[in-house]
Amino acid sequence: MEQYKILLVDDERTEREGISFLIERYGYPLEIHQAVNGKKALEAMEAEGFDILFTDIKMPIMDGLDLSKEVAARYPETVIIIFSAYSEFDYAKKAMEAGVVNYLLKPIELEEFQLCMERVLKRLQEKRTLAQAQQEREVVQQAQVYRFFSSKKISQKEKAPLEDFLFNGGKSKLAFIFFEFEENHFEQRGVDFSEYIKAYFEDSTFLQITENEAYILLHKLEFNDEEYIRQQGEKLLAAVGIKQGYLGIISQFTVSLEELVAQLLAVETMRKEVFIHQNRILSVSKHKDMVSFYKDNLEEIKNRIFASIQQGSLAEISGECEILIASLSEASDVSRVYVQHLLYSIVKELYARMPLLESEDSFAEMNRLFDEKNPSKVLDNFRQAVNTILTVAHTKHDEQNSDLVRRIKNFIQKEYKGELSLFDVATKLNLNSSYVSHIFKKETGQGIVEYITELKMEKARLLLQDKNLKIVQIAEKLGYNSQSYFNKCFKSHFGITPKQFREGI
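I will try to describe carefully the structure that is included in this document. (Residues numbered from 1 in each chain as written. Predicted model: local features only at pLDDT ≥ 70, side-chain atom pairs only at ≥ 80, totals over all residues. Heavy atoms only, no water.)

With respect to the element layout, F113 can be found in helix α5 (residues 110–151). In the structure, F113 is positioned 94 residues away from I19 in sequence and 9.4 Å away in space, judged by C-alpha atoms. (Helix = DSSP H or I, 4+ residues; strand = E, 2+ residues; numbered from the N terminus.)

To describe a pair of aromatic rings, you give the distance between the ring centres and the angle between the ring planes. For the coordinates displayed, the defined rule picks out 19 aromatic pairs. Relative to F486, the ring of Y480 lies with its centre 5.4 Å away and its plane at 50 degrees, an arrangement referred to as tilted. Each member of the aromatic cluster is reached from another via a ring pair, and the members are Y480, Y485, F486, F490, F494 and F501. The ring centre of F306 lies 5.5 Å from the NZ or CZ of K302, which sits over that ring. (Phe/Tyr/Trp six-rings, centres within 6.5 Å; stacked < 30°, edge-to-face > 60°. Lys NZ or Arg CZ within 6 Å of the ring centre and 35° of its normal.)

Before going further, it helps to spend a moment on the packing of helix α2 (residues 38–48) against helix α3 (residues 64–74). Close contact between α2 and α3 brings their axes to 10 Å; oriented N to C, the two are set at 15 degrees. Considering the angle they form, α2 stands roughly parallel to α3. Once α2 is placed against α3, the crossing between them reads as right-handed. On α3, the residues that touch G38, A41, L42, M45 and E46 of α2 are L67, E70, V71 and R74. A class-by-class count of the residues in the contact of α2 with α3 yields 5 nonpolar, 1 polar and 3 charged. (Axes fitted to C-alpha atoms, helices over the stretch in contact; angles between N-to-C directions. Parallel < 35°, antiparallel > 145°, perpendicular 65-115°, else oblique. Left-handed = near helix turned anticlockwise from the far one by under 90°. Contact = heavy atoms within 4.5 Å. Nonpolar A, V, L, I, M, F, W, Y, C, P; charged D, E, K, R; others polar.)

To continue, consider the sheet that holds strand β7 (residues 204–210). Strands sit in the order β7-β8-β6-β9-β10 across an open sheet of 5 strands; the sheet is mixed. The strands lining the two open edges of the sheet, one partner per strand, are β7 and β10 (280–283). Adjacent strand axes in the sheet meet at a mean angle of 20 degrees, parallel and antiparallel pairs treated alike. Of the strand pairs in this sheet, β7 and strand β8 (residues 213–218) are connected by 6 bridges, and their pairing is antiparallel. Bridge assignment links L207 to a residue of β8, and that residue is Y215. Packing against the sheet, α5 makes contact with β6 (175–181), β7 and β8, and its axis sits at approximately 55 degrees to β7. (Pairing = 2+ DSSP bridges.)

Looking now at the side chain of S20. Summarising the element assignment, S20 is placed in helix α1 (residues 13–25). By relative accessible area, S20 is classed as buried at 6%. In contact with S20, not counting residues within four places along its chain, are L8, I32 and Q34. (Buried < 20%, exposed > 50% of the residue type's maximum accessible area, 1.4 Å probe, protein only.)

Now for unusual backbone geometry. Backbone torsion omega between K106 and P107 reads -10 degrees, so that peptide bond is classified as cis. Looking at where P107 falls in the secondary structure, it is placed in the loop between β5 (102–106) and α5. Of note, I61 is a non-glycine position whose phi angle comes to about 70 degrees, a positive value. Within the secondary structure, I61 is located in the loop between β3 (52–55) and α3. Of note in the backbone geometry, D203 takes a positive phi value of approximately 55 degrees without being a glycine. Turning to its location among the elements, D203 is positioned in the loop between α7 (185–200) and β7.

What follows is about the nonpolar core. Counting residues in hydrophobic clusters, the biggest one holds 31 residues, and the most contacted among them are I408, I412, V425, I448, L478 and F486. Where this core is concerned, the elements lending two or more residues are α15 (403–415), α16 (422–428), α17 (433–444), α18 (448–463), α19 (471–477) and α20 (483–494). Among the elements that line this core, the one with the most residues is α18, at 7 residues. Setting aside its immediate chain neighbours within four residues, I408 contacts V425, L429, V436, F440 and I448. (Core = buried A, V, L, I, M, F, W, Y, C linked by side-chain atoms within 4.5 Å.)

This part covers the sheet that holds strand β1 (residues 4–9). If you walk across this open sheet you meet the 5 strands as β2-β1-β3-β4-β5, and the pairing is parallel. In the strand order of this sheet, the two ends are held by β2 (30–35) and β5, each with one partner. Direction aside, the axes of adjacent strands within the sheet are offset by 20 degrees on average. In the packing of α2 onto the sheet, the strands contacted are β1 and β2, and the crossing angle to β1 comes to about 160 degrees.

Moving on, we get to α18. In this model, α18 (16 residues) spans 22 Å end to end at C-alpha, consistent with the 22 Å of a helix rising 1.5 Å per residue. Those residues of α18 that sit buried are I448, Y451, I452, L455, K456, M457, K459, A460, R461, L462 and L463. (Expected span 1.5 Å × (residues − 1).)

These values are about where atoms sit, not about what they do.
What follows is the structure, given as structure tokens:
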């Protein structure tokens, strides 16, 4: 049997100790606390709460009846037991009127005491079992709601109970506000959100989906006024200190899962039609071709970038890409999908015209443009991809690529994943090791080993951006038999460990 807490209240210590003795004698699962009068008992109730209040009637300062009335009003879950002398039976009647149904006479009969305590403990156990079952049902329902709003799908088995839960058995409607933020405000202000939402949206449910996406489910019919919802949403954001970098979308009210799915899809469509966070709360009902999927000025910049790529003008490519990034940073009326495809096409063309990195590297770079939803980070990823390509291209352009040095580099770039040394390179080319080292150093300014290390470190930097790969796997891919040695080489080259580099991406 589970443990419960009982508060014994009597101004006579012997009475309190006597009840304590009986509780311990019969092995009841009770944690015993004592108070000398009603006032002290009420203070104890306020401080920590009790499952059972066992009180005498006649006491100084506050008697047992007044105490029982206060406890019954404030803590209705607490079971009250009054024990008093037979001569005070009139008090017992008043106790019954106050809602106290457990009454024991002094002196206490052991059999009556046992029956009373067992009855009370059984009642508490049943209530706790019901509460636990209800809590478990709520956890399951919350998980179902989370899965539904995350995937917009639900199994046929879960449909009826979920619909019953969301729409109160068909008695209520449901709307929601979707919020997307550039920063992870939930981790920084999680408590604030939960508290302020209760203040601004009564009878609502907060549902965080990702680190920067969340829904507020609105259950009250009063929320049928979209302007009121918008105003409350703006007040909420202002209250928690969010002034920019956000997008809010208000759904229409729904009465079924089918209608709710339609609204979720409508919100998803609107999200794709907004590239930068507009710092305002929009509504599905008033959405009419909010943005353009095509912008002439952006297409002109793209064409100039493509021309620069064909000419191999690295400085012009870099400059035009920065112009594009600046233009997109202010493009509040352009589609997110259009922007992602625009940037994707530029990176793809760069890789096609300047095959400097392996194909899996290019795919990883380009896919990051689609995986990232935060507009600022999309542009950061694009800038990083372009800079990576141009940095390698610039290095290659400045090198005096004699035929021998090209052959050396081609061999190293093919075999760098193994344990490669100067001797291995010279043997492959049928040349003297000292001669190979001298020519390579003279033409490139680097030693063979230094070049191999730099190449491996550049490959490591790219591979570390794929968080599905473990660091030990990356070390093996690059020909390091020991992860610790790889870590040492990486730190020596970049000044930080692979783990620190990955965490900083």
